[in-house]
Protein chains: 2
Amino acid sequence: MFSRACEYGIRACIHLAQISKEGGRSSLKAIAAAIDSPVAFTAKILQTLAREEIIVSVKGPNGGYEVEASRLDVITLDDIVDAIDGNSIYRGCGLGLKHCNAKKPCPLHFQFKKIRDELKEMLQSTSLNDVATGLHEGLAFLKR
Amino acid sequence: MFSRACEYGIRACIHLAQISKEGGRSSLKAIAAAIDSPVAFTAKILQTLAREEIIVSVKGPNGGYEVEASRLDVITLDDIVDAIDGNSIYRGCGLGLKHCNAKKPCPLHFQFKKIRDELKEMLQSTSLNDVATGLHEGLAFLKR
DNA sequence: TTTATATCGGATAAATATGTCCGACTTTAA
DNA sequence: TTAAAGTCGGACATATTTATCCGATATAAA
Ligand code: FES
Ligand code: FES
C-alpha cells in the first residue's frame with residue numbers, strides 16, 4: 001500500500017501528535033524508539049516532513065520535533081502520504097499502466113477506482129487529532 | 001498496491017483468458033507484446049503461474065501458454081495475486097506492524113480493514129471470465 | 001564563551017525488486 | 001531422424017528502496 005518510509009512517517013506523526021497535544025516535544029531517538037524504526041532512516045523521513053512543513057524541527061539541547069498544536073486538526077494523513085510517497089496512489093493504475101485513465105481504462109479500472117476513492121476519502125478526512133486519541137487511551141499501538 | 005511482477009501476471013492472465021476462450025494459445029513473445037512487458041521477466045512470472053497450476057504451459061512448436069477453458073470461471077484475481085505476491089495484502093498491517101492484529105491494532109486498523117476487506121471481496125469475486133469480456137469488446141486495454 | 005545536545009545533509013552500504021542472458025531440455029512437424 | 005519452436009531454470013546485471021555513517025551546523029544552558 002505505502003512505502004516503508006511512508007509507514008514510518010505516518011507512525012512518527014501520530015506519535016508526535018500525541019506528544020504535541022500535551023505541549024511536549026520528541027527527539028529523533030525518542031521517536032524511533034516509540035515507533036520501533038531505524039534511527040538514521042527515520043531522521044531522513046522527519047527531515048522531509050519538516051521541509052514540507054508538516055512537522056517542526058527544533059535544534060539544540062531539548063530540541064526535537066513537534067507538531068503545532070493549532071494544526072493538529074488541519075493536518076491529514078493524506079498530507080503525510082503525499083509528502084513522502086507523492087500522488088502515485090491516486091494517479092497510478094492498479095495494473096501498472098502508465099497512468100490511470102478512464103478514457104482508456106485497464107480491465108479493472110472501475111473496480112480499482114472505487115476502492116481507491118474510498119482510501120482517498122479516508123486519508124483526507126482523518127486528521128492527526130482524530131488518530132492520536134485512541135492511542136493515548138491504550139486502545140491502539142504504534143509498535144508491537 | 002501490487003508488485004510489478006503481480007501486475008504483469010494479472011495482465012498476462014487476462015490476455016490469456018481472452019485467447020483461451022476462443023480455444024487459442026499464446027506464446028511468451030506474444031504475451032509480452034500484448035501486455036507490453038519485458039519478455040524474460042514475463043517468462044519468470046508465467047513459470048510461477050504454471051507451477052501454481054493457474055495457467056498451462058505447452059512446449060515445442062505451436063506451444064505457449066493457455067488457460068483451461070473450463071476453469072475460466074473458477075480462477076479469480078485473488079488466485080493470481082496469491083500465487084505471486086502471497087497473502088501480504090491481507091495479513092500485513094497498513095502501518096507496517098509485524099502482522100495485522102485486531103487484538104493489538106494500529107491506530108488505523110479499522111479504517112484499513114474496511115478498505116482491505118473490500119479489495120479482498122473484489123479480487124475473490126472477479127473471475128478471469130468476468131474480466132476478459134470487456135477487453136474483447138474494445139472497452140478496456142492491457143497496454144497503452 | 002564554552003560545552004553538550006540535537007538536527008542537517010551528503011556519501012555510502014546493504015537488501016530487495018526488477019530485468020537480462022544463455023545453455024539445457026521438450027515437443028511437434030517436416 | 002532431424003530441425004525448428006518453444007519453455008525451463010540458474011546465474012548474472014541493474015535499479016530502487018531501505019538503512020547506515022559521519023562531519024557540519026545550530027542552539028540552549030551552564
Ligand atoms: S486505468 Fe487501471 S486503474 Fe485506472
Ligand atoms: S493492525 Fe494495522 S492494519 Fe490491522
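Rules used throughout
Residues numbered from 1 in each chain as written. Chains lettered and ligands numbered in written order. Predicted model: local features only at pLDDT ≥ 70, side-chain atom pairs only at ≥ 80, totals over all residues. Heavy atoms only, no water. Helix = DSSP H or I, 4+ residues; strand = E, 2+ residues; numbered from the N terminus. Buried < 20%, exposed > 50% of the residue type's maximum accessible area, 1.4 Å probe, protein only. Contact = heavy atoms within 4.5 Å. Least-squares fit on C-alpha atoms with pLDDT ≥ 70 in both. Axes fitted to C-alpha atoms, helices over the stretch in contact; angles between N-to-C directions. Parallel < 35°, antiparallel > 145°, perpendicular 65-115°, else oblique. Nonpolar A, V, L, I, M, F, W, Y, C, P; charged D, E, K, R; others polar. Near = heavy atom within 4 Å. Polar contact = N/O pair within 3.5 Å; in protein donor to acceptor, adjacent residues only side chain to side chain. Core = buried A, V, L, I, M, F, W, Y, C linked by side-chain atoms within 4.5 Å. Patch = residues over 30% accessible without salt bridge, like charges linked within 9 Å, V, L, I, M, F, W, Y side chains within 5 Å. Areas by Shrake-Rupley, 256 points an atom, 1.4 Å probe, with all protein chains shown as cover. Salt bridge = Lys/Arg side-chain N within 4 Å of Asp/Glu carboxyl O. Lys, Arg positive; Asp, Glu negative; His and termini not counted. Charge placed at Lys NZ, Arg CZ, Asp CG, Glu CD.

Focus on the environment of Val131 of chain B
Right, on to step 1. Position of Val131 of chain B among the secondary structure elements: in helix H7 (residues 128-136).
Right, on to step 2. We classify Val131 of chain B as buried; its relative accessible area is 5%.
Right, on to step 3. If we skip the residues at most four places from it in the chain, Val131 of chain B touches Pro107 and Leu108 of chain A together with Ile14 and Thr126 of chain B.

A closer look at the relation of the copies chain A and chain B
Right, on to step 1. With an RMSD of 0.1 Å, the operation that places chain A on chain B is a rotation of 180° combined with a shift of 0.0 Å along the axis. What we have between these two chains is a two-fold relation. Considering only C-alpha atoms, the part of chain A nearest the rotation axis is Met1 of chain A, at 2.4 Å.
Right, on to step 2. In this assembly, 97% of the residues forming the interface of chain A have copies in chain B that are likewise at the interface, indicating an isologous arrangement.

Section: the packing of helix H1 (residues 4-21) of chain A against helix H3 (residues 39-51) of chain A
Residues and elements named next belong to chain A.
Right, on to step 1. It is the contact of H1 with H3, at a shortest axis distance of 10 Å, that shows an interaxial angle of 70°. When the interaxial angle is binned, H1 and H3 end up roughly perpendicular. In this structure, H1 contributes Ala5, Tyr8, Gly9, Ala12 and Cys13 to the contact, and H3 contributes Phe41, Ile45, Leu46 and Leu49.
Right, on to step 2. Grouping the amino acids of the contact of H1 with H3 by side-chain chemistry returns eight nonpolar, one polar and no charged.

Digging into the protein's contact with DNA strand C
Right, on to step 1. Neighbouring DNA strand C are 22 residues, the closest being Leu28, Lys44, Ser57 and Tyr65 of chain A together with Pro61 of chain B.
Right, on to step 2. A share of 60% of the atoms of DNA strand C within 4 Å of the protein falls on sugar and phosphate groups.
Right, on to step 3. Contact distances for DNA strand C include 2.6 Å between a phosphate oxygen and a side-chain N or O atom of Tyr65 of chain A.
Right, on to step 4. One of the side-chain nitrogen or oxygen atoms of Tyr8 of chain B is found 3.4 Å away from a phosphate oxygen of DNA strand C.
Right, on to step 5. Those elements giving two or more residues to the surface near DNA strand C turn out to be H3, strand E1 (56-58) and strand E2 (64-66) of chain A together with helix H1 (4-21) and helix H3 (39-51) of chain B.
Right, on to step 6. Tallying contributions element by element places H3 of chain B first for the surface near DNA strand C, with three residues.
Right, on to step 7. The residue inventory of the surface near DNA strand C, partitioned by class, reads nine nonpolar, eight polar and five charged.

Comments concerning unusual backbone geometry
Right, on to step 1. The backbone of Glu53 of chain A shows a phi angle near 60°, a positive value even though the residue is not glycine.
Right, on to step 2. Position of Glu53 of chain A among the secondary structure elements: in the loop between H3 and E1.
Right, on to step 3. Phi is positive for Asp36 of chain B, close to 55°, though the residue is something other than glycine.
Right, on to step 4. Locating Asp36 of chain B in the fold gives a position in the loop between helix H2 (28-35) and H3.
Right, on to step 5. For Asp36 of chain B, a relative accessible area of 46% corresponds to the partly exposed category.

Comments concerning the side chain of Asn129 of chain B
All names here are of chain B.
Right, on to step 1. Here Asn129 shows up in helix H7.
Right, on to step 2. Asn129 sits in the buried class, given a relative accessible area of 19%.
Right, on to step 3. Among all residues touching Asn129, those that are not within four sequence positions of it are Lys21, Leu72 and Asp73.

Section: the nonpolar core
Right, on to step 1. Counting residues in each nonpolar core, the largest one holds 86 residues, and the members touching the most others are Ile10 and Ile55 of chain A together with Ile10 and Ile55 of chain B.
Right, on to step 2. Excluding its chain neighbours within four sequence positions, the residues that come into contact with Ile55 of chain B are Cys13, Leu16, Leu46, Leu49, Ala50, Tyr65, Glu66 and Val67 of chain B.

Re a positive patch on the surface
Right, on to step 1. There is a patch of like positive charges on the surface, built from Arg4 and Arg144 of chain A together with Lys98 and Lys104 of chain B.
Right, on to step 2. Its location among the elements puts Lys104 of chain B in the loop between helix H5 (88-91) and helix H6 (109-125).
Right, on to step 3. A residue is classified by how much of its surface remains accessible, and Lys104 of chain B, at 35% relative accessible area, is partly exposed.

Focus: the pattern of salt bridges
Right, on to step 1. Applying the stated criterion across every chain yields a total of six salt bridges over all chains.
Right, on to step 2. In this structure, Lys113 of chain A and Asp117 of chain A form a salt bridge, with 2.8 Å as the shortest nitrogen-oxygen distance. On the criterion of helical spacing, the pair formed by Lys113 of chain A and Asp117 of chain A is a turn pair, its members being four residues apart in helix H6 (residues 109-125).
Right, on to step 3. Residue Asp117 of chain A is classed as partly exposed on the basis of its relative accessible area, which comes to 36%.
Right, on to step 4. As a salt-bridge pair, Arg25 of chain B and Glu66 of chain B come within 2.8 Å of each other at their nearest N and O atoms. Within this pair, whereas Arg25 of chain B is found in the loop between H1 and H2, its partner Glu66 of chain B is found in strand E2 (residues 64-66), the two being separated by 41 residues in sequence.

The quantities given are spatial measurements derived from coordinates; they are silent on function.
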